[in-house]
Amino acid sequence: MTTQDMLDERYGRTSSPRRRWTIGIVVAIAAVLVGLFAWMTIADSVDDISVDTTGFTVEDPRSVTLAFQISAPEGRTVACALEAQDEDHGVVGWKIVEYAASDVRARALLESIPTTAEATTGLVSDCWVT
């Protein structure tokens, strides 16, 4: 008999199947939660789009030309919401454009936005995978 067995016998400790099952279930649940968290993190980054506005030109009181770059997943169509704003940051023009799937991840784009009043800036509000 080993020392551990003698101590267990002396103090009445026994190895319980219930305890083993409880520990096994807790470990299984923890593994599932870690796997789920990892999957959600990876799934979100697969459709991740980054946008950088590179410039704008106020063409006339009724239009702004916006230059920007997008990095989007290859082979997926992308839509972007473009805005033109006045000096008080009020929206004076907007446009939603859709871009066909491409074999390249990063693209430089140029779009004209019609406005209702003279704009002082143009920007990309948001982009998403369609």
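First, a word on what this report is: a plain description of the structure on this page. (Residues numbered from 1 in each chain as written. Predicted model: local features only at pLDDT ≥ 70, side-chain atom pairs only at ≥ 80, totals over all residues. Heavy atoms only, no water.)

## Section: the state of the cysteines
Simply put, the disulfide is a covalent bond whose two ends are the sulfur atoms of two cysteines.
Link 1 in the chain: Within the structure shown, the criterion is met by 1 disulfide.
Link 2 in the chain: A sulfur-sulfur distance of 2.0 Å marks the disulfide that ties Cys-80 to Cys-127. Given an S-S torsion of about 110°, the disulfide between Cys-80 and Cys-127 has right-handed geometry. In this pair, Cys-80 is assigned in strand 3 (residues 78-85) and Cys-127 in strand 6 (residues 121-129), connecting sequence segments 47 residues apart. The same class applies to Cys-80 as to Cys-127, namely buried. (Disulfide = S-S within 2.5 Å. Helix = DSSP H or I, 4+ residues; strand = E, 2+ residues; numbered from the N terminus. Buried < 20%, exposed > 50% of the residue type's maximum accessible area, 1.4 Å probe, protein only.)

## Regarding the side chain of Glu-111
Link 1 in the chain: When you line up the elements, Glu-111 lands in strand 5 (residues 106-114).
Link 2 in the chain: Its relative accessible area of 16% is what places Glu-111 among the buried residues.
Link 3 in the chain: Among the polar contacts listed, one links the side chain of Glu-111 to the side chain of Tyr-99, at a separation of 3.0 Å. (Polar contact = N/O pair within 3.5 Å; in protein donor to acceptor, adjacent residues only side chain to side chain.)

## Brief notes about the pattern of salt bridges
Link 1 in the chain: Using the criterion set out here, one finds 1 salt bridge in the structure.
Link 2 in the chain: Among the ionic pairs, Glu-111 bridges to Lys-95, the shortest N-O distance being 3.4 Å. One end of the pair, Glu-111, is in strand 5; the other, Lys-95, is in strand 4 (residues 91-99), and 16 residues separate them in sequence.
Link 3 in the chain: You can call Lys-95 partly exposed: its relative accessible area is 26%. (Salt bridge = Lys/Arg side-chain N within 4 Å of Asp/Glu carboxyl O.)

## Section: a nonpolar patch on the surface
Link 1 in the chain: A cluster of nonpolar side chains, Trp-21, Ile-25, Ile-29, Leu-33, Leu-36, Phe-37, Trp-39, Met-40, Ile-42 and Val-46, forms an exposed patch at the surface whose accessible area comes to about 1,100 Å².
Link 2 in the chain: Looking at the secondary structure, you find Trp-21 in helix 2 (residues 17-46).
Link 3 in the chain: On the basis of relative accessible area, Trp-21 is assigned to the exposed category, the value being 62%. (Patch = residues over 30% accessible without salt bridge, like charges linked within 9 Å, V, L, I, M, F, W, Y side chains within 5 Å. Areas by Shrake-Rupley, 256 points an atom, 1.4 Å probe, with all protein chains shown as cover.)

## Observations concerning the sheet that holds strand 4
Link 1 in the chain: Strand order in the open sheet formed by 3 strands is 4-3-6, with antiparallel pairing between adjacent strands. Only two strands of the sheet have a single neighbouring strand rather than two, namely strand 4 and strand 6. Going from strand to strand, the sheet's axes swing by 20° on average, the running direction of each strand aside. (Pairing = 2+ DSSP bridges. Axes fitted to C-alpha atoms, helices over the stretch in contact; angles between N-to-C directions.)

## A short note on the sheet that holds strand 1 (residues 50-60)
Link 1 in the chain: Judged by pairing direction, the sheet is antiparallel, and its 3 strands sit side by side in the order 1-2-5 without closing on themselves. Among the strands making up the open sheet, the edge pair consists of strand 1 and strand 5. If you compare each strand with its neighbour and ignore which way they point, the axes differ by 20° on average.
Link 2 in the chain: Where strand 2 (residues 63-71) lies against strand 5, 9 bridges are found, and the strand directions are antiparallel. Counterpart to Ser-71 in the pairing with strand 5 is Ala-106.

## Considerations on the pairing of strand 4
Link 1 in the chain: As judged from the 8 bridges shared by strand 3 and strand 4, these two strands associate in the antiparallel manner. Counted as the bridge partner of Gln-85 is Val-91 from strand 4.
Link 2 in the chain: Counting the residues in the hairpin turn of strand 3 and strand 4 gives 5 residues, including His-89, whose phi is positive at 65°.

Spatial relationships are all this shows, so hold off on functional conclusions.
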